[in-house]
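Observations on the three-dimensional arrangement
Here is how the chains run, residue by residue.
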Amino acid sequence: MTSTSQGTGTPLLAPPPANAPVRTGRGATGRTFIVGALAGALIGMAGVLVGKAVAGEWIATRIALAPEGMGPRWAIALAAMFGAVLVHELGHIVGGLSQGFRFMLLVVGPFKLSRKDEQAPIRLSLNTSLELAGGIAACIPQGEHALVQRTKWMVLGGPLASIVLALACAVLLALTTPASWSALVLMLGAVSGALAVVTIIPMRNGNFVTDGKRFLQLHREGPEARRDAAQLAITVKLQSGARVDDMPREQIASLLEPSDGSIMEFLGRTTAYTWLRAQGQVREARVQLDRAVALGSGLPLNLSAFIAAEEAWVLAWFDRNADAARARIAPHEKVIRAVLTPHEQIRLDAAIAMASGDRNGARSKVNAALDVLRAQSSPSGSTLWTKDRLQ
């Protein structure tokens, strides 16, 4: 592995403001879910009260036909919630696909559909992250044209799907006679309607924003929209084989505004860190990494573990401090091994081996990582850059 100079002269990128907010707390995602659930519950209760006042007998008749007992009724509630979240996340994916995006990830409850890169097949697996169980979908754009406008449709896809499902359930119940399945359809429609309302309300909790708030950010075409567009454009270039150090400085700079403590700022700081490292500006890179690490404390475990692994690599490779690197990854070791790619894991192990004075062990690990990278048929720009650095 080659080392990198510390970098001197005028900074290439502006450092984070001294008073930039940091939305910390491991429970940020959980708080978002709780706030949303409480809001949904209040909306649902209001809906039930209004429904009883307007059509109390109509609703009561359908609920009365549900299987008796707490077990079956809990099963109906869980099935309705799972179905409502699944349709909402599928709405995001359909919205993305309609705008030329490519599917990458879908997580609902215990199930996970994902592909590791654009060429890899879609695989079904169990979701082991409780923080993602509430539902998440991800797509990558193809092409850099009209990124903000296209992303708006992907964001809107979730709430629109929830509204359509709620209306479909209402129509189905109105056109059919009460039956044993009516309670499930009633619950599914109610949860979908509440989910649509909650996700449309523009609000922030922790590092995350609702669909409604993100849509407004994109629609206003302010700094948040420019940051989103820059991040998506860089992702497109990397997936097509461009290297991170080929990205224009102006595009990287767009990733750093505003400093709002959001997950999008975290992604921007992480990308800026990688770009600065590629430019040989290690001191600047560490400033961006420090900000990303601070933001990572409020993110899902997979992201906070990823940034912890990168900080451990810096401690091992640049500071030659193997003990500090090991201490940094110790609390996240299980998650790190699950989220890092094979060559990223080997790269981290090699840096720690080098910091420990085991040059032969480090070289062996580097060769193993290079073998993994050479086996990839269509490497991304990030992969090509990592390969060069390892060599």
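Residues numbered from 1 in each chain as written. Predicted model: local features only at pLDDT ≥ 70, side-chain atom pairs only at ≥ 80, totals over all residues. Heavy atoms only, no water.

1. Concerning the packing of aromatic side chains
This structure, assessed with the given rule, holds 3 aromatic pairs. Geometrically, the ring pair formed by Phe82 and Phe111 is edge-to-face, given 6.0 Å between the ring centres and 80 degrees between the ring planes. Placement of the pair is Phe82 in helix 2 (residues 70-98) and Phe111 in strand 2 (residues 111-114), with a sequence separation of 29 residues. Taking relative accessible area as the criterion, Phe111 reaches 43% and is therefore assigned partly exposed. When the ring of Trp313 is compared with that of Trp317, the centres are 6.4 Å apart and the planes differ by 25 degrees; the resulting orientation is stacked. Taken together, the residues span about one helical turn, with Trp313 and Trp317 both in helix 10 (residues 301-317) at a distance of 4 residues. Side by side, Trp313 and Trp317 carry an identical accessibility label, which is buried. Pairwise contacts between aromatic rings join Trp313, Trp317 and Phe318 into one cluster. Its end group placed over the ring of Trp317, Arg320 keeps NZ or CZ at 4.4 Å from the ring centre. The cationic tip of Arg347 hangs over the ring face of Trp313; the distance from NZ or CZ to the ring centre is 4.2 Å. (Phe/Tyr/Trp six-rings, centres within 6.5 Å; stacked < 30°, edge-to-face > 60°. Helix = DSSP H or I, 4+ residues; strand = E, 2+ residues; numbered from the N terminus. Buried < 20%, exposed > 50% of the residue type's maximum accessible area, 1.4 Å probe, protein only. Lys NZ or Arg CZ within 6 Å of the ring centre and 35° of its normal.)

2. Structural notes on the environment of Glu284
Residue placement: Glu284 occurs in helix 9 (residues 282-296). With 273 residues separating them along the chain, Glu284 and Pro11 place their C-alpha atoms 7.1 Å apart.

3. As for the nonpolar core
Grouped together as the largest cluster of nonpolar side chains are 46 residues, with contacts concentrated most on Leu13, Ile252, Trp275, Trp313, Leu348 and Ile352. Looking at this core, the elements with two or more residues in it are helix 6 (223-239), helix 8 (263-278), helix 9, helix 10, helix 11 (322-329) and helix 13 (342-355). The element contributing the most residues to this core is helix 10, with 9 residues. Excluding residues that lie within four positions of it along the chain, Leu348 makes contacts with Ala309, Ala312, Trp313, Ile329 and Leu340. (Core = buried A, V, L, I, M, F, W, Y, C linked by side-chain atoms within 4.5 Å. Contact = heavy atoms within 4.5 Å.)

4. A short note on the pattern of salt bridges
Two side chains with opposite charge may pair up if their charged atoms get near one another. With the rule as written, the count across this model stands at 13 salt bridges. A salt bridge links Asp260 to Arg204, with the nearest nitrogen and oxygen atoms 3.8 Å apart. Of this pair, Asp260 sits in the loop between helix 7 (249-254) and helix 8 while Arg204 sits in strand 5 (residues 204-205), and the two are 56 residues apart along the sequence. Note that Glu310 and Arg277 form a salt bridge whose closest N and O atoms lie 3.0 Å from each other. Of the two residues, Glu310 sits in helix 10 while Arg277 sits in helix 8, which places them 33 residues apart along the sequence. Classification of Arg277 by relative accessible area gives buried; the value is 5%. Salt bridges sharing partners connect three or more residues here, namely Arg204, Arg227 and Asp260. (Salt bridge = Lys/Arg side-chain N within 4 Å of Asp/Glu carboxyl O.)

5. Brief notes about the environment of Arg243
Here Arg243 lies in the loop between helix 6 and helix 7. Its relative accessible area of 23% is what places Arg243 among the partly exposed residues. Taking C-alpha positions, Arg243 is 9.4 Å from Ala278, a pair spaced 35 residues apart along the chain. At 2.9 Å, the side chain of Arg243 forms a polar contact with the side chain of Asp245. (Polar contact = N/O pair within 3.5 Å; in protein donor to acceptor, adjacent residues only side chain to side chain.)

6. Description of helix 3 (residues 147-175)
With 29 residues, helix 3 should cover 42 Å at 1.5 Å per step; its first-to-last C-alpha distance of 41 Å lies within 8% of that length. Along helix 3, the helix axis deviates most sharply at Gly157, where the bend reaches about 35 degrees; the proline Pro159 sits within four residues downstream. (Expected span 1.5 Å × (residues − 1). Bend = angle between axes of the 7 residues up to and from the residue.)

7. Digging into the packing of helix 11 against helix 13
The N-to-C vectors of helix 11 and helix 13 enclose an angle of 145 degrees; their axes lie 8 Å apart at closest approach. Seen from helix 11, the contacting residues are Ala322, Ala325, Arg326 and Ile329; seen from helix 13, they are Leu348, Ile352 and Ala355. For the contact of helix 11 with helix 13, the per-class residue count stands at 6 nonpolar, no polar and 1 charged. (Axes fitted to C-alpha atoms, helices over the stretch in contact; angles between N-to-C directions. Nonpolar A, V, L, I, M, F, W, Y, C, P; charged D, E, K, R; others polar.)

8. A look at the sheet that holds strand 2
Sheets are built from strands that pair by backbone hydrogen bonding, the pairs being arranged parallel or antiparallel. An order of 3-2-1-4 is seen for the 4 strands of this open sheet, with the pairing classed as antiparallel. Looking at which strands have only one partner, the edges of the open sheet turn out to be strand 3 (123-126) and strand 4 (136-141). Averaged over all adjacent pairs, the angle separating strand axes in this sheet is 20 degrees, with direction ignored. (Pairing = 2+ DSSP bridges.)

9. Quick notes on the side chain of Ser262
For Ser262, the location among the structural elements is in the loop between helix 7 and helix 8. Given a relative accessible area of 5%, Ser262 falls into the buried group. The contacts of Ser262, once residues within four sequence positions are left out, are Arg204, Asn207, Arg227 and Leu295.

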